[in-house]
Amino acid sequence: MNANNLVEAQHIPSDIAVDDFDHSAWKLSRPAFIAQYWSGAPAPPQRHAEVRLLWSSSALYARFICPQEEPLVISSTPHTDRKTLGLWDRDVCEVFLAPDPSAPHHYFEFEAAPTGEWVDLEIHKDGERRDTNAAFHSGMSASASIRPQLVLVALRIPWSESLPAPKLGDRWRINLFRCVGKDPDRGYVTWRPTYAPEPSFHAPEAFGWLVFGE
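About the thresholds
- Residues numbered from 1 in each chain as written.
- Predicted model: local features only at pLDDT ≥ 70, side-chain atom pairs only at ≥ 80, totals over all residues.
- Heavy atoms only, no water.
- Phe/Tyr/Trp six-rings, centres within 6.5 Å; stacked < 30°, edge-to-face > 60°.
- Helix = DSSP H or I, 4+ residues; strand = E, 2+ residues; numbered from the N terminus.
- Buried < 20%, exposed > 50% of the residue type's maximum accessible area, 1.4 Å probe, protein only.
- Lys NZ or Arg CZ within 6 Å of the ring centre and 35° of its normal.
- 1 Å grid on protein atoms, 1.4 Å probe; cavity = no way out; pocket = protein on both sides within 12 Å on 5 of 7 lines; lining within 4 Å.
- Points joined across faces, edges and corners; volume = space filled by probe spheres on them.
- Nonpolar A, V, L, I, M, F, W, Y, C, P; charged D, E, K, R; others polar.

Caption draft 1: Examining the packing of aromatic side chains more closely. One pass over the structure, following the stated rule, counts eleven aromatic pairs. The interplanar angle of 80° and the centroid separation of 5.3 Å between the aromatic rings of tryptophan 55 and phenylalanine 212 together place this pair among those described as edge-to-face. Highlighted residues: tryptophan 55 in strand β4 (residues 49-55) and phenylalanine 212 in strand β14 (residues 208-212), separated in sequence by 157 residues. Phenylalanine 212 gets classed as buried once you look at its relative accessible area, which sits at 1%. In textbook terms, an aromatic cluster arises when at least three aromatic residues are bridged by ring pairs, as seen for Phe96, Tyr107, Phe177, Tyr188, Phe201 and Phe207. For the cation-ring pair, arginine 173 lies above tryptophan 209, with the distance from its terminal atom to the ring centre recorded as 4.5 Å.

Written out as structure tokens, the structure is:
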């Protein structure tokens, strides 16, 4: 492990609202930067994202700050009361988590869009085979704020049997992503490039490390 593949979640003593984008706790967390395409090529700054992570005794929080200089690719009829399958085909921010570092090919995918829509999935990957449990229910929540030339997206992922509450110093596998724009110039931007032959985020061997700090 090295500093380039580590991101730290700052511990907070009590929970915050998922839509509290400007809470002072976010300033305590060191950012990770989504700045490369899945291929490893540099992405233009207007497609970057800054991500900060927090954790409490109840949940993991992620906040994405995304420059937005191109037209949004979003649903005209969003619903936020249930998961939205296919959300990955529009503008979206994503967190992939593998709580058991010895089994990174069993991981969980969490997404949130500028509309506040969300999706959560459980995935087992075996070579080229990928089994997705779309019925997985994490209890996650999401929020978003569209501002001038900026989009903020936040996720709250509660601890559960599938994602057990960590202890200080624990390390999980993680990757962070942003999808932005339309084909044929759609941007698949990442914290840790997957180097897949085609645009893909499903490469657990490329995951970095999430450290649960104090």
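Caption draft 2: Summary view of the layout of surface pockets. Here the largest pocket defines a volume of roughly 270 Å³. If you go around the largest pocket, you meet 17 residues; those closest to its centre are Trp88, Glu109, Glu111, Arg130 and His202. For the lining of the largest pocket, the secondary-structure elements that each account for two or more residues are β6 (92-98), β7 (106-112), β8 (118-126) and β9 (129-133). Broken down by class, the residue content of the lining of the largest pocket amounts to eight nonpolar, three polar and six charged.

Caption draft 3: Fine view of empty space enclosed by the protein. Applying the stated criterion across every chain, the model contains one cavity of 30 Å³ or more. Surrounding the largest cavity, Cys66, Gln68, Asp91, Val92, Cys93, Pro114, Val151, Val153, Arg178, Cys179 and Val180 form its lining. Those elements that place two or more of their residues in the lining of the largest cavity are β6, β11 (150-158) and β12 (171-180). Here the lining of the largest cavity gets three residues from one element, more than from any other, and that element is β12. Tallied by class, the residues present in the lining of the largest cavity amount to eight nonpolar, one polar and two charged.

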